[in-house]
Amino acid sequence: MLSSQVFASQTIDNHLPLHNPFVGATTTIHRSSSAAAYSPTALRLPNPTKKSNTRYIPARHNINAISIFPSKTTTTVKGVITVQPTVSAALGSLNPGGLLDIAYEGIGSSFTLELVSANLDSNGNQKTVEAGARYSILESRTTYIYKCDFKVPNDFGDIGAVLVKNNLSKGVFFKIIVLDNNITFTCDSWVHSSYDNPDKRIFFTDKSYLPSDTPDGLKPLRTKDLESLRGNGEGKRKSYERIYDYDVYNDLGSPDTSEDLARPVLGGQEHPYPRRCRTGREMTKEDPLSESRTLLPFYVPRDEAFSEIKDVSFGARALYTVLHAVIPTLDAVLTGKDEGFKLFTDINLLYNEGINVPDADNGLLSVLPNLFHDASNAANSVIKFETPEIIDRDTFSWSRDEEFCRQMLAGINPYRIQLVTEWPLKSKLDPEVYGPAESSITKEIVEQEIRGLMTLEEALAQKKLFLLDYHDILLPYVNKVRELDQTTLYGSRTLMFLTPTGTLRPLAIELTRPPTNDGKPQWNHIYTPTWEATGDWLWKIAKAQVMSHDSFYHQLVSHWLRTHCATEPYIISTKRHLSQMHPINRLLAPHFRFTMEINALARLLLINAEGVIESTFGPGKYNVEISSDVYGKEWRFDQEALPADLISRGMAVEDPSAPHGLKLAIEDYPFANDGLLIWDAIKEFATSYVNHYYPQANLIESDEELQAWWTEIRTVGHGDKKDEPWWPQLKTQDDLIQIVSTIMWVPSGHHSAVNFGQYDYAGYFPNRPSSARIKMPNEDPIPEEWENFLKRPEAVLLDCFPSKTQATKVMTVLDVLSSHSLDEEYIGGNPEASWAAEPAIKEAYDVFSGRLKELEGIIDSRNGDPELPNRSGAGLVPYTLLKPYSGHGVTGKGVPNSVSI
């Protein structure tokens, strides 16, 4: 089955026994040595070298002979280790255990555990006690239990850490280690085989410590554990490693395959960009600055590879299946795949009848049940798309001007609309290159479209004019994009008016083509809503052009750049500089899960040369390069917090008397209203959390791990922005609260707002076309083109929309991107173990969780309020994207903690 092959290159299957009870007693060794506690060579049983094919099986007397100091009075402490097998092993698709591993189990232990005291002995040495762990029971198909008994001296002191050696031949995912004296080690981490790396893994208890508060017995381990994650910037990473290091985006192209597949390196002065995780693959022959690519998933640190242990509905597994199997299947079966749809009824057939897929792998039916359906003919399956919410509620809503504007406030890209504060509208581009800077939208056009309600000056003063601006972002790429096949591009401005009812109405769309390379002057045209037939069809096509621009910006900037891409440096710096026992590491950990694996998959198959994004979104090979331009010109960490973002776009102003301390420019702005509730809850929890661990500001400045973390985020992870003056300082509790609140908001609230509604709004591509394939009919038309437009304007609009292949590719991917997995981890859900272990933090989290549960009812109430016309009305899709909780699948709601898809 296909599902068992997903991420095969990185799968390290746990050869864990399903039967065969182990023989032999548990062995306990007492140690008191500053070196023995963590030295990779201290008292280690012999292991074969990596190159050897023979397995060394130590004799029992070798274990029993170890003794460090005379016997003391001891207490037996029982340990229970919970191990999670890979999905494929749990499903029984793999041999549960190798012969040699079973033989090893018969005379030894699967794992060797060494408890470490938090206290030093009288000579200043670490105190440890060791025991072997034996298989006990298969608790469920997803849980293996191992047990061990420690003989702990009565003067051992507090237990602070455990060292783990994995004696099996494969890596194993440790969930938790629980001692019967109420001490817990929450692991959630892969433990490498000692045959791959002889160093023992270090786990600390659930109690959090600042560096200055760390017990003396744990300080060397705290340092060593962090050092083990950093690497040295050299060598090719191996799948079992947990190394976090930085690199530029130099692996999107494939210059050795074709010159056409070469892509610029993103990251550096010419193309600024956040950094990604380094993999160390070889450079290409044709371009020594570009890293080579593989056909199989890229390296991510072992603890970031969740696909092997998550449910088969987990986003990375499902997305890999779509990109690796479903899209090639669609390419093979579609007829006229590079053509557009001839009729709107042909588009509807995708939802009503689907596409027959002969000889489809049945594995797709279980992995992607939303897409694949059994056909009446047993030899076929059917790719049948669910009807998106946007047309399920109102078949024609996508064509209405009011809905066109409403989606800028309550759709999947509420991050671009801005208040107009200056007139006339002007470009910042060089007029010698791109033509006149001043917009052609004049005072006369505005007042004509406002129809006597007020003057332009009054509209500006009363904050009634709003803009969707893609002029300066896209205009430099127009001529380059137009050299590509089946696509076009304009710089665009869309001007809107806030009506007395609180809804937006479009006034004008301006499309601009800069002077061309063959000497044509700038072309510019203003389109306005009209009842006249020709003008109305031109208006419809102009809206399609604008929505293709918004689709690009949404996917590559609001979504990819600002959530996925910008978050990866936060994760890398956290792993490199904040100990696993650091409270800020534990605060941020749930917001970082799954992201790096998803990002690596995006580099492999989504944003790569000729990948899904390039082949379906308008700018083609320039998509990601344009996102680099936006990063360089617009991205600011201090404006990633929701309130600051709204203020920066003129969509809100500070007002202490208003809810959330902000007065919105548009009162009924669903994204802002719901988002601010989540933002406030996050910041309130962060405030309680930070103040608990940092009661004085000097503790923040003296925390060397914290300061190194923030410095590396600014100067390395986002190093192309390191000299910007807007970076927040990190000196006080308020500084830290704002920083961590921003980092927590981006992968939770921000990502959910731009991700989980994608299929509902863009699954019907006329509503949000990913590209516009032809220019406007009135741009330098030849007589035949104009005549064809006058005879069949609908056909021209359909030709403007994406091709059959482009549309179905995007629909397929969006179905997966919009889905929640069965075991999704939602904000305000189960608390982290370290939070529950600290009463003050548990109390603060309970308040946080309660506020989020209340938000469910608040949003439902708002969606039923007829006084809120941007979220309530006949045929409107209610705004539910920031409801915190959701069921499985495409639901249009739910806020996971992290970028989980």
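Residues numbered from 1 in each chain as written. Predicted model: local features only at pLDDT ≥ 70, side-chain atom pairs only at ≥ 80, totals over all residues. Heavy atoms only, no water.

By the naming in an unreviewed UniProt entry, the protein goes by Lipoxygenase and is assigned to Centaurea solstitialis. Looking at the Function (unreviewed entry) heading of the UniProt record, one finds this comment for the protein: "Plant lipoxygenase may be involved in a number of diverse aspects of plant physiology including growth and development, pest resistance, and senescence or responses to wounding." Regarding the protein, the relevant UniProt record gives this comment under Sequence similarities (unreviewed entry): "Belongs to the lipoxygenase family." (UniProt positions renumbered as here; feature names shortened; annotations may be inferred.)

Student: Now, about the packing of helix H23 (residues 704–717) against helix H24 (residues 733–755): what can you tell me, with residues and values included?
Tutor: Where H23 meets H24, the closest approach of the two axes is 13 Å, and the angle between their N-to-C directions is 55°. Classified by the angle their axes make, H23 and H24 are oblique. The handedness of the crossing between H23 and H24 comes out as left-handed. Contacts between H23 and H24 involve Leu706, Trp709 and Trp710 from the former and Leu736, Ile739, Val740 and Ile743 from the latter. (Axes fitted to C-alpha atoms, helices over the stretch in contact; angles between N-to-C directions. Helix = DSSP H or I, 4+ residues; strand = E, 2+ residues; numbered from the N terminus. Parallel < 35°, antiparallel > 145°, perpendicular 65-115°, else oblique. Left-handed = near helix turned anticlockwise from the far one by under 90°. Contact = heavy atoms within 4.5 Å.)

Student: Account for the pairing of strand S3 (residues 111–117), naming residues and giving values.
Tutor: Within S3, 7 of the 7 residues are buried, leaving the element largely enclosed by the surrounding structure. Here S3 shows a buried face lined by Phe111, Leu113, Leu115 and Ser117 and a second buried face lined by Thr112, Glu114 and Val116. In this sheet, strand S6 (residues 159–166) lies alongside S3 in antiparallel orientation, the contact comprising 7 bridges. Bridge assignment links phenylalanine 111 to a residue of S6, and that residue is asparagine 166. (Buried < 20%, exposed > 50% of the residue type's maximum accessible area, 1.4 Å probe, protein only. Pairing = 2+ DSSP bridges.)

Student: Talk me through H23; I want residue IDs and the actual numbers.
Tutor: For H23, with 14 residues, the first-to-last C-alpha span of 18 Å sits near the 20 Å given by 1.5 Å per residue. Looking at H23, one finds that the buried residues are Glu705, Leu706, Trp709, Trp710, Glu712, Ile713 and Gly717. Against the buried residues of H23 lie helix H4 (219–230), strand S10 (246–247), helix H15 (533–577), helix H16 (583–588), helix H22 (698–701) and H24. Backbone nitrogen of glutamate 705 and a side-chain oxygen of the N-cap are separated by 3.2 Å at the start of H23; the cap is aspartate 703. (Expected span 1.5 Å × (residues − 1). Polar contact = N/O pair within 3.5 Å; in protein donor to acceptor, adjacent residues only side chain to side chain.)

Student: Describe the pattern of salt bridges, with residues and values.
Tutor: In total, this model carries 43 salt bridges according to the counting rule given. One salt bridge in this structure joins glutamate 705 and arginine 222, with 2.7 Å as the shortest N-O distance. Here the residue glutamate 705 occupies a position in helix H23, and arginine 222 occupies one in helix H4, the gap between them amounting to 483 residues. Here the two residues glutamate 705 and arginine 222 agree in accessibility, since each one is buried. Its salt-bridge partner being aspartate 536, residue lysine 540 comes within 2.5 Å of it at the nearest N-O pair. Placement of both lysine 540 and aspartate 536 in helix H15 is noted, with a separation of 4 residues, approximately one turn of the helix. Residue class for aspartate 536 comes out partly exposed when judged on its relative accessible area of 22%. (Salt bridge = Lys/Arg side-chain N within 4 Å of Asp/Glu carboxyl O.)

Student: Explain helix H30 (residues 839–863) residue by residue, including any values.
Tutor: With 25 residues, H30 extends 37 Å between its outermost C-alpha atoms, agreeing within 8% with the 36 Å of an ideal straight helix rising 1.5 Å per residue. Buried residues of H30: Ile841, Ala844, Tyr845, Phe848, Ser849, Leu852, Leu855, Glu856, Ile859 and Asn863, and no others.

Student: Could you give an account of the nonpolar core, with specific residues and numbers?
Tutor: Ile584, Leu646, Phe685, Tyr694, Trp709 and Leu736 are the most contacted members of the largest nonpolar core, which totals 183 residues. The biggest single contributor to this core is H15, with 18 residues. What leucine 646 contacts, discounting residues up to four positions off in sequence, is Met651, Ala652, Leu662, Leu664, Tyr669, Ala672 and Leu676. Counting residues in hydrophobic clusters, the runner-up holds 29 residues, among them Leu113, Tyr144, Ile177 and Leu179. (Core = buried A, V, L, I, M, F, W, Y, C linked by side-chain atoms within 4.5 Å.)

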